[in-house]
Amino acid sequence: MTADGNLHTRDQLDDDYERWSAAAAAVLAKGRRVEPADLPGAPDVLLSSETRDDVVVRPLYTRRDETPERGLPGSFPFVRGADAARDVVQGWRVTERFGDLAGQSPAGVNETVLDAAGSGASGIWLKVGAAVPVGELGAALAGVYLDLMPVTLDAGSDGIAAAREFLRLLDDAPAAPEQAPSLLSTTHSLGLSPYTAAYSGRATVPADEATALAATCPGRVRTFRVDGTDFAQSGATNVQELGLLVAAAVAHVRDLVAAGLAPGDALRQISFAVAVGDDQFASIAKLRALRLMWARVAQVLDAPGDGAALTHAVTDLSMLTQRDPWVNMLRTTVAAFGAGVGGADQVTVLGYDAALPQDSRSSSPTFSARIARNTQLLLLEESNIGRVLDPAGGSWYVEQLTGDLAAAGWKVFTDVETHGGYTDALDQGAIARWIDEALAARDAAVAHRSAPVTGVSEFPNLGEAAVGSALAGANDLPTATGKLARVARRFEELRDRADAQSVRPSILLLPLGSVAEHNGRTTFVSNLLAAGGIEAVNPGPVTVEALVGLAADALRQAQGPETVAVLCGTKARYADDGPAVLAAARAAGISRILLAGPTKEWPDGDDSPDGSLQAGIDAVATLTELLDVLTASKEG
């Protein structure tokens, strides 16, 4: 606003933006030692970034980006929330998962459920199987007020039988002394997801049987839980998850309408599970974009009032690491925050150690579950995140990102439709091909460390206890699919391999010059090597005379026929001392010598290092090769 309280005109807003642009151009030009006119692009372009979905994130959003109001929560197009009557005191439902522990009985599961309910849990996600057979559902849910606490089933191939048993329990449940209002947040889900599970390989039920069951379900129960984690765990981007969620849900709606349901009734048989990760703004916008997309589907079906997308946000298992798993507490906190601010109706935070097989976890299940539950309760009870509906609404950035994700997700949905719909696209292999391409791009970014993983590819802790042998690719985890591809798995495979050696593989650093000259590169190299389970031995600044003793020590510790060293210093120091140190190292018996930094910094001469370690390399490929060299005799 102007000083007299009047709103800025469009021309004034444009003038303000131009002044910022000129100031930003001056700073960028100074950093590049060029004139502003010689910059290769406009400042907002140079400072913009792109997400995995090629969605552009600009450096600055202003009133110039303002969009019209999207309506109130609970009203079309539901961007700001699905439920107009949501309890802002309680906020979203803290939904905890039960029934996964081996050796538990239905009575034991029930005890855990009731204890969690008394400790803040307000929703139940129940695994039906070994711990809770179909016929024992009643025992597991004894004492649970089903009118207040929503239940989501996960019964795999027993889904139809479990659903019928649960519906019987609902019919037989005693009437509540006081009727609670019917809210979206207390809607039960039978958890059937035949179409998304058909992609990921999870056990499921035939779609036609699920459709027949849905035609008889009461209003407070939703049959289908269209599950985005089936795609997210496989490496799908946020936009792909959105588009495929809507495509699979539309396929179910078509089935239901063909079975005789009205479009509005069919829409009300669908709920969504959405993966949320550690990019908080992406999680916020993804949930809002899904509601916008689903409202558009309802509008096309001439049932706009039935287009409220009921969402269950689950922290993405693929982002969790096995190494330094305590960092996962931070990842899931950010994810839960994004889910809550994004308007999820239910949120499940997986345990910080959920990426590890149960028999490899160091903490008790009770501790892990309590931390996961309290992560949400702190956000709700202490930070009061749930007391404001759609707190990000009106944010120029969030509104723009919501629209961009919705538009890009709709493009994925229409691409599926051009293949004949979800099932045809799946049968033709199109969906698998799209996600495989996204996974390859993500893995490449992680391997080159442009997408860092704290505690794994960056700042790893070599001193932590080994987690076991060959666990990085494990998918025998609760909530995991057969196509689980965790972000950190390639680096953790290297760590597993290094930990399996009787002596940790090591590489000798050859720092040149003062600490100020070599510290940056010795730190970089040590961090890089540790990401592959390799210890960097740093003796401090070296001289030609000291190399004989250092090389002898390295040869004694080597497990294979080769020893490796890395020269670390500045370009100027390489020019002054590099060739002499390189020659002395070769003469002392070190078989492979690498350079820290780009090879162009090495002076011209008859000999040069055998390779380089620098930012931007494929770290996974480089570390794999180094482990091959260092463990040749042991593994060969």
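What you are looking at is a predicted structure, and each value in this text was computed from that prediction instead of being measured.

**Student:** Can you help me understand the sheet that holds strand β15 (residues 612–613) in this one?
**Tutor:** Hydrogen bonds along the backbone pair up the strands of a sheet, which may run parallel or antiparallel. The sheet built from five strands is open, its strands ordered β12-β11-β13-β14-β15 with parallel pairing. Across the chains shown, the open sheet's two edge strands, defined by having one partner strand only, are β12 (535–537) and β15. Relative to strand β14 (residues 592–596), strand β13 (residues 564–568) is paired through four bridges, and the arrangement is parallel. Considered in β14, the bridge of V564 is made with R592. Lying over the sheet, helix α18 (residues 515–530) contacts β11 (506–511), β12, β13, β14 and β15, oriented at roughly 170 degrees with respect to β11. Across the sheet, helix α20 (residues 571–587) is in contact with β11, β13 and β14; its angle to β14 comes to roughly 160 degrees.

**Student:** Sorry if this is basic, but what is going on with the UniProt feature "domain: Methylmalonyl-CoA mutase alpha/beta chain catalytic" (unreviewed entry) in the chain here?
**Tutor:** Under the UniProt annotation, the feature "domain: Methylmalonyl-CoA mutase alpha/beta chain catalytic" (unreviewed entry) is placed at residues 219–465. Span residues 219–465 is 53% helix and 9% strand, its end C-alpha atoms 51 Å apart.

**Student:** Just checking my understanding: could you explain the side chain of R86 for this structure?
**Tutor:** The residue R86 is located in the loop between β2 (56–57) and β3 (93–98) in this model. D345 provides the closest opposite charge to the buried, unpaired R86, separated from it by 4.8 Å. Beyond its immediate stretch of four places on either side in the chain, R86 contacts G91, W92, G343, A344 and L389.

**Student:** When you look at the side chain of S122 in this model, what are you seeing that I'm missing?
**Tutor:** Its location among the elements puts S122 in the loop between α3 (106–118) and β4 (123–127). Overall, the relative accessible area of 8% leaves S122 in the buried class. Within polar-contact distance, the side chain of S122 engages the backbone nitrogen of V94 at 2.8 Å. Leave out the neighbours within four places in its chain, and S122 touches Q90, W92, R93, V94, M149 and P150.

**Student:** Which parts of the structure should I look at to understand the packing of aromatic side chains?
**Tutor:** A ring pair, where both rings are aromatic, is described by two values, the distance of the centres and the angle of the planes. The full count for this structure, using the stated rule, is eleven aromatic pairs. Taking the centre distance of 5.4 Å and the plane angle of 45 degrees together, the rings of Y17 and W20 count as tilted. Linking Y17 with W20, this pair stays in helix α1 (residues 10–32), spanning three residues, or about one helical turn. Given the relative accessible area of 25%, W20 is considered partly exposed. Aromatic side chains Y199 and F231 sit 5.6 Å apart centroid to centroid with 40 degrees between the ring planes, which places their arrangement in the tilted category. Separated by 32 residues along the polypeptide, Y199 in helix α6 (residues 194–200) and F231 in helix α8 (residues 229–232) bring together distant segments of the chain.

Rules and cut-offs
The residue numbers shown here count from 1 along each chain, following its written sequence. Per-residue local features are limited, in this predicted model, to residues with pLDDT of at least 70; the limit for side-chain atom pairs, both in listing and counting, is 80 or more; totals at the level of whole chains, interfaces and linings are taken over all residues. Computation of side-chain values: all heavy atoms of the structure, hydrogens and water removed. Pairing between two strands is assigned when DSSP locates at least 2 bridges connecting them. Segments assigned H or I by DSSP are reported as helices when at least four residues long, segments assigned E as strands when at least two residues long, and all are numbered from the N terminus. The criterion used for residue contact is that any of the two residues' heavy atoms lie within 4.5 Å. All axes here are fitted lines through C-alpha atoms, helices being fitted over the stretch that makes contact, and every angle between N-to-C directions spans 0 to 180 degrees. UniProt positions are given in the numbering used here, feature names are shortened, and annotations may be inferred rather than shown by experiment. Three labels apply to residues, based on accessible area from a 1.4 Å probe with only protein chains included: buried if under 20% of the type maximum, exposed if over 50%, partly exposed otherwise in between. Within this scheme the basic residues Lys and Arg register as positive and the acidic residues Asp and Glu register as negative, but His and the chain ends are omitted. We define a salt bridge as a contact between a side-chain nitrogen of Lys or Arg and a carboxyl oxygen of Asp or Glu at a distance within 4 Å. Pairs of N or O atoms are called polar contacts if they sit within 3.5 Å, as long as, within protein, a hydrogen donor faces a hydrogen acceptor (for residues adjacent in sequence, only side-chain-to-side-chain pairs). Between 30 and 60 degrees the pair is tilted, below 30 it is stacked and above 60 it is edge-to-face, where a pair is any two Phe, Tyr or Trp rings, Trp via its six-membered ring, whose centres lie within 6.5 Å.

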